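# Secondary and tertiary structure notes
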Amino acid sequence: MSKIEKYRINAINSIQTSLTYRFQFFSGIFILVIPFVIKLSLWKLAFMPDDTKEIAGYTFNELIVYTIFSMIFSYLNITYFQYNIAFEIKDGSLSRYLVKPVNHMLYWISMLIGDKFINVIYVLVFIILAGGIYGNNMDGYIAVCNIPFTIVSIILSLILNFLMYYAISLSAFWFLEISYFFSAITFIISILSGELMPIDVMPTFVTRILLFLPFSYSVYFPTQVIMGELAIKDILFRLIIQIVWITVFVLFGRLVWNMGVRKYESVGG
């Protein structure tokens, strides 16, 4: 079996596993819709009684569009594999990667590809629902010419988000129980990424700092691109920043892995 083939098969198995549990499959769309309804309700309250005002330069319609796309991109980036990696380290099952010709990082990337296939289905359903209900509000707020840049930024954000959580998950080599740590990190990232609200609603100096950190490139940046808020030169510059952070986390992840494996004792494996 070729090196690529075994990871392709793993991705296919991941897709099949996701489709096996029908209740889980069909309930996934509600995990996307319910937070959207809550966010939209909060924005409506913020604009009452005058929906013509602006908040940090955003009109009500702009925030509806931002909320729709930020929900889409944040849902595409959602991950749970970090809990599985922590459990592998804890129960000793990580040993199978050390005795077989399998790259641990590539294994979980292939698993992630399978998971994202299902997420894309949910997103398409959500787009149809949101477009049918709020299509009129979206007129003039979507830059069709930026779709190719948006696709590239989404792909890079998926890679970057995976690498960030992969590096974080390897902290299980040093800590016995880190599930609460994962939850705290996820909450912090959801704020810094622009998932809960646009980061330019924050003070200007905070926004400038976040634009050079990796978090904003998972949600805020792709949303700004599809909404046409950035010039081409700014898009290209920020794509370069994404690539730089991806390189940093690849190297950092390998470093943490090598350090962790030397400490790993395979307890229970």
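Structure report, in brief. Within each chain, residues carry numbers counting from 1 in the order of the written sequence. A pLDDT threshold of at least 70 governs which residues receive local features in this predicted model, and a stricter bar of 80 or more applies before side-chain atom pairs are shown or counted, although totals over entire chains, interfaces and linings include all residues. To obtain the side-chain values, all non-hydrogen atoms of the structure were used and water was disregarded.

The secondary structure listing takes helices from DSSP runs of H or I that are at least 4 residues long and strands from runs of E that are at least 2 residues long, numbered from the N terminus. Across its full length, the protein holds eleven helices and zero strands. Counting contacts in the protein only where the partners sit at least 6 residues apart, residues at least 24 apart contribute 79% of the total. For the protein, the computed accessible surface area is about 14,400 Å², with 71% contributed by carbon and sulfur atoms. The contact criterion used throughout is that any non-hydrogen atoms of two residues lie within 4.5 Å. Areas reported here follow the Shrake-Rupley algorithm with a probe of radius 1.4 Å; residue values treat only the protein chains shown as occluding.

Here the focus is the nonpolar core. One finds Phe-81, Trp-108, Phe-162 and Tyr-166 to be the most contacted residues of the largest nonpolar core, which totals 40 residues. At the level of secondary structure, the elements contributing two or more residues to this core comprise helix H4 (81-91), helix H6 (104-134), helix H7 (147-169), helix H8 (179-192), helix H10 (220-226) and helix H11 (232-263). At nine residues, the largest contribution of residues to this core is made by H7. Residues in contact with Phe-81, not counting those within four places in the same chain, are Trp-108, Leu-112, Phe-162, Tyr-165 and Tyr-166. For our purposes a nonpolar core is just a set of buried Ala, Val, Leu, Ile, Met, Phe, Trp, Tyr and Cys residues, chained together by side-chain atoms within 4.5 Å. The buried label goes to any residue with under 20% of its type's maximum accessible area, the exposed label to any with over 50%, and the partly exposed label to all in between, with areas taken from a 1.4 Å probe on protein chains only. Within the second largest apolar cluster, 33 residues are counted, among which are Ile-15, Leu-32, Phe-69 and Ile-154.

Moving on: the environment of Ile-89. With respect to the helices and strands, Ile-89 occurs in helix H4. Ile-89 sits in the buried class, given a relative accessible area of 8%. For the pair Ile-89 and Val-261, spaced 172 residues apart in sequence, the C-alpha to C-alpha distance is 9.6 Å. What Ile-89 contacts, discounting residues up to four positions off in sequence, is Leu-94, Ser-169, Leu-170, Ala-172, Phe-173 and Tyr-264.

This part covers the packing of aromatic side chains. Pairing of aromatic rings covers Phe, Tyr and Trp, the last through its six-membered ring, and needs centres within 6.5 Å; plane angles under 30 degrees mean stacked, over 60 mean edge-to-face, and all others mean tilted. Under the definition given, this model contains 14 aromatic pairs. Summarising the aromatic geometry, the rings of Tyr-83 and Phe-182 are spaced 5.2 Å apart at their centres and angled 80° between planes, so their arrangement reads as edge-to-face. Here the residue Tyr-83 occupies a position in helix H4, and Phe-182 occupies one in helix H8, the gap between them amounting to 99 residues. For Tyr-83, a relative accessible area of 32% gives the class partly exposed. Look at Phe-181 and Phe-182: their rings are 6.4 Å apart centre to centre, the planes differ by 45°, and that puts the pair in the tilted class. Owing to a relative accessible area of 38%, Phe-181 belongs among the partly exposed residues under this scheme. Classification of Phe-182 by relative accessible area gives buried; the value is 1%.

What follows concerns the side chain of Glu-62. Structurally, Glu-62 is set in helix H3 (residues 60-77). Classification of Glu-62 by relative accessible area gives buried; the value is 15%. In the analysis that follows, any N or O atom pair within 3.5 Å is treated as a polar contact, provided that within protein one partner can donate a hydrogen and the other can accept it, and provided that, for residues neighboring in sequence, both atoms belong to side chains. Within the local environment of Glu-62, its side chain forms a polar contact with the backbone nitrogen of Thr-59, the two atoms lying 2.8 Å apart.

Checked against the element boundaries, Ser-171 lands in the loop between H7 and H8. Filtering out sequence-adjacent residues up to four positions away, Ser-171 remains in contact with Ile-178 and Phe-181.

A word on H3. Helices are assigned an expected span. That span is 1.5 Å times one less than the residue count. Here H3 spans 25 Å end to end across 18 residues, near enough to the 26 Å set by a 1.5 Å rise per residue. Of all 18 residues in H3, 17 are buried; the element is thus mostly enclosed.

To get an axis, a line is fitted to the C-alpha atoms, and for a helix only the part in contact is used. The angle between two axes follows their N-to-C directions and goes from 0 to 180 degrees. For the pair H4 and H7, the least separation of the axes is 9 Å and the interaxial angle reads 25°. With respect to H7, the axis of H4 lies roughly parallel. For the element pair H4 and H7, the recorded crossing hand is right-handed. Contacts between H4 and H7 pair Phe-81, Gln-82, Ile-85 and Ile-89 from the former with Phe-162, Tyr-165, Tyr-166 and Ser-169 from the latter. Each residue belonging to the contact of H4 with H7 can be placed in one class, and the counts come to six nonpolar, two polar and no charged. In what follows, roughly perpendicular refers to angles from 65 to 115 degrees, roughly parallel to angles under 35, roughly antiparallel to angles over 145, and oblique to any angle outside these ranges. In this scheme, a crossing is called left-handed if the near helix is turned counterclockwise away from the far one by less than a right angle; it is called right-handed if the turn is clockwise. For this classification, the nonpolar set comprises Ala, Val, Leu, Ile, Met, Phe, Trp, Tyr, Cys and Pro, the charged set comprises Asp, Glu, Lys and Arg, and every other residue, Gly included, is treated as polar.

Here H7 crosses H8 at 150°, and the two axes come no closer than 11 Å. Regarding the angle of H7 to H8, the classification is roughly antiparallel. For the crossing formed where H7 meets H8, the hand is right-handed. Here Tyr-165, Ile-168 and Ser-169 of H7 lie close against H8, whose contacting residues are Phe-181, Phe-182, Ile-185, Thr-186 and Ile-189. In terms of residue class, the contact of H7 with H8 is built from six nonpolar, two polar and no charged.

Within the secondary structure, Ile-9 is located in helix H1 (residues 3-20). Sequence separation between Ile-9 and Gly-114 is 105 residues, and the spatial gap between their C-alpha atoms is 9.9 Å.

Turning next to H4. By the burial criterion, the buried members of H4 are Phe-81, Gln-82, Ile-85, Ala-86, Glu-88 and Ile-89. Projected onto a plane normal to the axis of H4, the buried residues spread over an arc of 155° and lie on a single side. Of the residues flanking the end of H4, it is Gly-92, one or two places downstream, whose phi is positive at about 90°. Of all possible arcs, the one meant is that of the directions from the helix axis to the C-beta atoms.

So yeah, pure geometry; function would need other evidence.
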